[in-house]
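Observations on the model geometry
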Number of protein chains: 2
Amino acid sequence: MSDEDAVDRGPGRTRAAVDAWEAVFRLQATLLRRLAADDVWEDLGVREYDVLHTLSRRPGGRARLGTLSEEVYLPQPSLSRLVDRLERHGLLAREPDPGDRRGVLVALTDEGAARQRRIGGRHAASIARHLGEMEAGELADLTRLARAALDRATASATDQAP
Amino acid sequence: MSDEDAVDRGPGRTRAAVDAWEAVFRLQATLLRRLAADDVWEDLGVREYDVLHTLSRRPGGRARLGTLSEEVYLPQPSLSRLVDRLERHGLLAREPDPGDRRGVLVALTDEGAARQRRIGGRHAASIARHLGEMEAGELADLTRLARAALDRATASATDQAP
DNA sequence: CGCAAGTCCATGCGTTTGCATGTACCTGGC
DNA sequence: GCCAGGTACATGCAAACGCATGGACTTGCG
């Protein structure tokens, strides 16, 4: 995904960062394609499932639309329409937020929760099929390092002149 | 991104795989958003740049459209239109493939190559800014493990009954 | 209280996406 | 050489995306 040399702390430093990004990018891209291709999604897409999944791990199976928007990495207007669709399919419902009348709570219906569990089980198996070949230690290390990188990136998000 | 327990070789095995996928997915998603938000892209998008970049590392700065399509993880019709746009901007050109008259070679123009270098340099710096906080060892391990995972995933793509 | 500024979600609109299909070309068997 | 089947790219069309904006509500300050 990238090129060239740059500043910061050393020349190979940039190269190492770029290599890491490229490797992670490639891994995610091909894995996502494979997972999406696996026939586990019934009639909805990966993004739709991600919303159901995220809601399912929330107390009460509901969350504010804005919150959800950040958690599933989807811009708010896109999520709003996606919720429209899932609502039409009866998998979730909008409710007014009692504490803030501007807000909207998105809630999993029973059918939505059931659907999430069915798909979730198959999806997990699918992931295991694709990554299961890795040794347990490698898998754990990959998880740890990816989380570490995410932490660093999140931390360093504090720049830009105000 | 996922849930539940499943089969394969053990119970925690699936959990470990799911955790790894989730960590990698999150890392890529937030990093991609950050990188896309960094003001280095002039007037084109990440996907457009990816095409220029991929072409730039090819002998002659050209490749078959189909080949390119796989390398940038973009379905062929989508790439075809994306090439339309870049062609309109004068950054690349279509040429007939001399060896196969069905084929189309996509070639970087001089302007396209120059643009790629400019953006590439800034983009690399941007990556270094976001990941540079990591220790060199961690960065190298992350790269190694992501590549290993990709290899395993690619290898195990040989199933499904014929 | 009253109002200016800010937050939250929905919608208009132009662009991009991707599936399904069409057209041109290549290849192998006869 | 010819034709059936396969491959490569383009295009029609419906869906989805995302930015910019609009309308509803909240908050904080005078």
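I will try to describe carefully the structure that is included in this document.

About the cut-offs
- Residues numbered from 1 in each chain as written.
- Chains lettered and ligands numbered in written order.
- Predicted model: local features only at pLDDT ≥ 70, side-chain atom pairs only at ≥ 80, totals over all residues.
- Heavy atoms only, no water.
- Helix = DSSP H or I, 4+ residues; strand = E, 2+ residues; numbered from the N terminus.
- Buried < 20%, exposed > 50% of the residue type's maximum accessible area, 1.4 Å probe, protein only.
- Contact = heavy atoms within 4.5 Å.
- Least-squares fit on C-alpha atoms with pLDDT ≥ 70 in both.
- Salt bridge = Lys/Arg side-chain N within 4 Å of Asp/Glu carboxyl O.
- Polar contact = N/O pair within 3.5 Å; in protein donor to acceptor, adjacent residues only side chain to side chain.
- Core = buried A, V, L, I, M, F, W, Y, C linked by side-chain atoms within 4.5 Å.
- Near = heavy atom within 4 Å.
- Nonpolar A, V, L, I, M, F, W, Y, C, P; charged D, E, K, R; others polar.

Turning to the environment of Thr30 of chain A, a few remarks are in order. Along the chain, Thr30 of chain A turns up in helix H1 (residues 11-37). When its relative accessible area of 13% is taken as the criterion, Thr30 of chain A is described as buried. Discounting residues that sit within four places of it in the chain, Thr30 of chain A has contacts with Tyr73 and Leu150 of chain B.

When chain A is fitted to chain B, the residual RMSD is 0.0 Å, and the transformation amounts to a turn of 180 degrees plus an axial shift of 0.0 Å. The superposition of one copy onto the other is thereby described by a two-fold rotation axis. Looking at chain A, 100% of its interface residues are interface residues in chain B too, so the copies touch through the same face.

It is worth spelling out the interface of chain A and chain B at this point. Listed per partner, the contact involves 71 residues of chain A and 72 residues of chain B. At the junction of chain A and chain B, the tally comes to two salt bridges. Between chain A and chain B we count nine residue pairs in polar contact (both at pLDDT 80 or more) in total. Of all the secondary structure elements, the ones that give two or more residues to the side of chain A that touches chain B are H1, helix H2 (46-56), helix H5 (110-131) and helix H6 (136-155) of chain A. No other element matches the 23 residues that H1 of chain A contributes to the side of chain A that touches chain B.

Our focus in this paragraph is the nonpolar core. Core analysis: the biggest nonpolar cluster contains 49 residues, and Leu27 and Leu131 of chain A together with Leu27 and Leu131 of chain B have the highest contact counts within it. Elements with a contribution of two residues or more to this core: H1, H5 and H6 of chain A together with helix H1 (11-37), helix H5 (110-131) and helix H6 (136-155) of chain B. Not counting chain neighbours up to four residues away, the residues in contact with Leu131 of chain B comprise Ala17, Ala20, Trp21 and Ala149 of chain A together with Leu31 and Leu139 of chain B. The next biggest cluster of nonpolar side chains, apart from the first, holds 23 residues, and it includes Trp41, Leu55, Val83 and Leu91 of chain A.

As a matter of local geometry, DNA strand D sits amid 20 residues, with Ser78 and Arg85 of chain A together with Ser80, Arg81 and Arg94 of chain B nearest to it. Protein-adjacent atoms of DNA strand D, using a 4 Å cutoff, are sugar or phosphate at a proportion of 62%. Between DNA strand D and Ser80 of chain B there is a distance of 2.5 Å, counted from a phosphate oxygen to a side-chain nitrogen or oxygen. In this structure, a phosphate oxygen belonging to DNA strand D sits 3.1 Å away from a main-chain N or O atom of Val104 of chain B. Looking at the surface near DNA strand D, the elements with two or more residues in it are helix H4 (76-88) of chain A together with helix H3 (65-71) and helix H4 (76-88) of chain B. Residue composition of the surface near DNA strand D, grouped by class: five nonpolar, five polar and ten charged.

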